[in-house]
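Take a look at the letters that make up each chain.
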Amino acid sequence: MAMEDPDRKTEVVLLACGSFNPITNMHLRLFELAKDYFHETGKYKVIKGIISPVGDAYKKKGLISANHRVTMAKLATKNSDWVEVDDWESCQSEWLETLKVLRYHHQKLLSADVTNSLQDAVPVTKLGRKRKQQPNRHEPIKKKNQSPVVKSVPQVKLLCGSDMLESFGIPNLWKLEDITEIVEKHGLVCISRAGNNVQKFIYESDILWKHKNNIHLVEEWITNDISSTKIRRALRRGQSIRYLVPDVVRAYIEKNELYSPESEDRNAGVVLAPLQKHASDSKNSQALNN
Ligand SMILES: Nc1ncnc2c1ncn2[C@@H]1O[C@H](COP(=O)(O)OP(=O)(O)OP(=O)(O)O)[C@@H](O)[C@H]1O
Ligand SMILES: NC(=O)c1ccc[n+]([C@@H]2O[C@H](COP(=O)(O)O)[C@@H](O)[C@H]2O)c1
Ligand SMILES: [Zn+2]
């Protein structure tokens, strides 16, 4: 049904997972770049962006509390009408595989969809407002007699930078079956630099190559080398981070004195949660490039 209607675009929700320690202008740009890309294909409609900061149990060096990271991300997206922050992942007591976060958000959309179709079953009068939201939709009469329009649930695609995609190749960091399910069932949008080797990386992996139609590479032409690491470094050195992160985020960091040599030492010497979790699993040594 949905597929036969050329006017009907596949709805996409973009999910970005990461430390966001702290969130930067570049993180926000990722969403804009991906949205432009999808809309330019003419086949997709991006309906929402979700930022999901990782929980404290991830144990990355220098990771400050999720509470602060989530607050900063919320401040940074206050003015966005389509990107929001979800703290479900960061509220979990244990670290969660990214696939589980994708599944959670997909599931959440599914249940919202069930609620919507239940609402669709109520008398027409109550649908008045809803119908008006879709002007110029010349629906042929016959459609009304068909069984209720099954609106396909949006796809949840993982939005990441090329460093994250290439981290798929780090031994014991990702389970092969997780990578497979991510690219097979959800899809990936990767923001990459010109001259980057992401294409070669995909070429060299059988599993990524097989699902390359579900891996969208978006070239970032207006390059921007901001990273959280560099922001923290500048802060430790008392240098300005103005215009690199949203002003509200900068103010929050200053007010709470979030980043210091001490905060950078958090989790020093601790093994990253995914490595701890997967290292014992010998299957994972047959990593991506087989
Ligand atoms: N400059 C960038 N270009 C493309 N992707 C980026 C860039 N900066 C961050 N990302 C992506 O944003 C997501 C979240 O990343 P993360 O929270 O690690 O930020 P980061 O700036 O890379 O931080 P850190 O320096 O601490 O690793 C990841 O998918 C990462 O690849
Ligand atoms: N196996 C996995 O699912 C896996 C492994 C490593 C990192 N991750 C995720 O990737 C992101 C990486 O963030 P950083 O680049 O800040 O370390 C985090 O959200 C983390 O949870 C997932
Ligand atoms: Zn990173």
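Preceding this section is the structure that the text describes.
Below is a short write-up of the structure. (Residues numbered from 1 in each chain as written. Chains lettered and ligands numbered in written order. Predicted model: local features only at pLDDT ≥ 70, side-chain atom pairs only at ≥ 80, totals over all residues. Heavy atoms only, no water.)

**Describing unusual backbone geometry**
Comment: phi is negative for the bulk of residues other than glycine, and the bulk of peptide bonds are trans.
Thought 1: Residue Pro-22 follows Asn-21 across a cis peptide bond; omega there is 0°.
Thought 2: In this fold, Pro-22 is placed in the loop between β1 (10-18) and α1 (25-41).
Thought 3: Here Phe-20, not a glycine, exhibits a phi torsion of approximately 50°, which is positive.
Thought 4: Here Phe-20 is to be found in the loop between β1 and α1.
Thought 5: Residue classification places Phe-20 among the buried residues on the basis of a relative accessible area of 5%. (Helix = DSSP H or I, 4+ residues; strand = E, 2+ residues; numbered from the N terminus. Buried < 20%, exposed > 50% of the residue type's maximum accessible area, 1.4 Å probe, protein only.)

**A look at a negative patch on the surface**
Thought 1: Taken together, the side chains of Glu-32, Asp-36, Glu-40 and Asp-81 define an acidic patch exposed on the protein surface.
Thought 2: Counting through the fold element by element, Asp-36 comes out in helix α1. (Patch = residues over 30% accessible without salt bridge, like charges linked within 9 Å, V, L, I, M, F, W, Y side chains within 5 Å. Areas by Shrake-Rupley, 256 points an atom, 1.4 Å probe, with all protein chains shown as cover. Salt bridge = Lys/Arg side-chain N within 4 Å of Asp/Glu carboxyl O. Lys, Arg positive; Asp, Glu negative; His and termini not counted. Charge placed at Lys NZ, Arg CZ, Asp CG, Glu CD.)

**Considering the site of ligand 1**
Thought 1: In the vicinity of ligand 1 there are 20 residues, among which His-27, Asp-163, Arg-193, Ser-228 and Thr-229 approach most closely.
Thought 2: In this structure, Asn-224 approaches ligand 1 through a main-chain N or O atom, which is 3.2 Å from a nitrogen atom.
Thought 3: Isolated, ligand 1 exposes 590 Å² of accessible area, and the fraction of that covered by the protein chains is 89%.
Thought 4: Among the elements of the structure, β1, α1, β4 (155-161), α6 (162-166), β5 (188-193) and α10 (228-236) are those that each provide at least two residues to the shell around ligand 1.
Thought 5: For the shell around ligand 1, the per-class residue count stands at 8 nonpolar, 8 polar and 4 charged. (Near = heavy atom within 4 Å. Polar contact = N/O pair within 3.5 Å; in protein donor to acceptor, adjacent residues only side chain to side chain. Nonpolar A, V, L, I, M, F, W, Y, C, P; charged D, E, K, R; others polar.)

**Describing the nonpolar core**
Thought 1: The biggest cluster of nonpolar side chains holds 37 residues, and the ones touching the most others in it are Leu-14, Ile-23, Phe-31, Ile-51, Met-72, Leu-159 and Ile-253.
Thought 2: Counting residues per element, the ones that place at least two in this core are β1, α1, β2 (44-53), α2 (66-77), β3 (83-85), β5, α10 and α11 (247-256).
Thought 3: Setting aside anything within four residues of it in sequence, one finds Phe-31 in contact with Leu-14, Ala-16, Gly-49, Ile-50, Ile-51, Trp-82, Val-83 and Leu-159.
Thought 4: Of all hydrophobic cores here, the second largest spans 35 residues; its members include Trp-95, Cys-160, Met-164 and Phe-168. (Core = buried A, V, L, I, M, F, W, Y, C linked by side-chain atoms within 4.5 Å. Contact = heavy atoms within 4.5 Å.)

**Looking at the pattern of salt bridges**
Thought 1: Throughout the structure, instances matching the rule amount to 14 salt bridges.
Thought 2: For the salt bridge of Glu-264 with Arg-236, the shortest nitrogen-to-oxygen distance reads 3.2 Å. Residue Glu-264 is found in helix α12 (residues 261-264), and its partner Arg-236 is found in helix α10; the two are separated by 28 residues along the sequence.
Thought 3: Note that Asp-247 and Arg-250 form a salt bridge whose closest N and O atoms lie 3.1 Å from each other. One end of the pair, Asp-247, and the other, Arg-250, are both in helix α11, 3 residues apart, so they sit about a helical turn from each other.
Thought 4: Where salt bridges share partners, they join Glu-97, Lys-100, Lys-175 and Lys-277 into one cluster.

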